[in-house]
Amino acid sequence: MNDKKIPSPPVLPPKIKIKENFCLFHKGEIEGETYTCPKCGTKYCLKCAKKARSEAKLCVKCKQLVMM
Ligand SMILES: [Zn+2]
Ligand SMILES: [Zn+2]
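Residues numbered from 1 in each chain as written. Chains lettered and ligands numbered in written order. Predicted model: local features only at pLDDT ≥ 70, side-chain atom pairs only at ≥ 80, totals over all residues. Heavy atoms only, no water.

Draft legend 1. Molecular detail of helix α1 (residues 46–54). For α1, the set of buried residues is Leu-46, Cys-48, Ala-49 and Ala-52. Buried positions in α1, seen along its axis, are confined to an arc of 160 degrees and lie on one side of it. Turned more than 90 degrees off the buried face of α1, the exposed positions are Lys-47 and Ser-54. Its buried side turned inward, α1 meets β1 (22–23), β3 (34–36) and β4 (43–45). Taken from the residues just after α1, Ala-56 is the one with a positive phi, measuring 55 degrees. (Buried < 20%, exposed > 50% of the residue type's maximum accessible area, 1.4 Å probe, protein only. Helix = DSSP H or I, 4+ residues; strand = E, 2+ residues; numbered from the N terminus. Arc of directions from axis to C-beta. Contact = heavy atoms within 4.5 Å.)

Draft legend 2. Looking closely at the coordination of the zinc ion (ligand 1). Only Cys-37 (SG), Cys-40 (SG), Cys-59 (SG) and Cys-62 (SG) from the protein reach the zinc ion (ligand 1) as donors, at distances of 2.2 to 2.3 Å. Its four donor atoms give the zinc ion (ligand 1) angles of 107 to 118 degrees at the centre, a pattern that matches the tetrahedral case. As a motif over one chain, the donors of the zinc ion (ligand 1) read C-x2-C-x18-C-x2-C. Here the residue Cys-37 occupies a position in the loop between β3 and β4, and Cys-62 occupies one in the segment after α1, the gap between them amounting to 25 residues. Looking at Cys-37, the relative accessible area reads 3%, which means it is buried. (Donors = N, O, S within 2.8 Å, 3.2 Å for Na, K, Ca; no water. Tetrahedral: all angles 85-135°; square planar, octahedral: opposite > 155°, others 65-115°.)

Take a look at the structure:
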């Protein structure tokens, strides 16, 4: 008898979903006003973006300078 067991399908990792309101500068939820990167559309806190600009930090995702 051929009763080969069908291997169970591999468990796929859950899709990594970046929260809509997640700031990559302070690694937390965006509070208050938001700044949107003009190049990639990543959102940051306006507060963090201002700080990033003064420190000449780049967008975490696309390395675009923070401009506003
Ligand atoms: Zn960007
Ligand atoms: Zn922030």
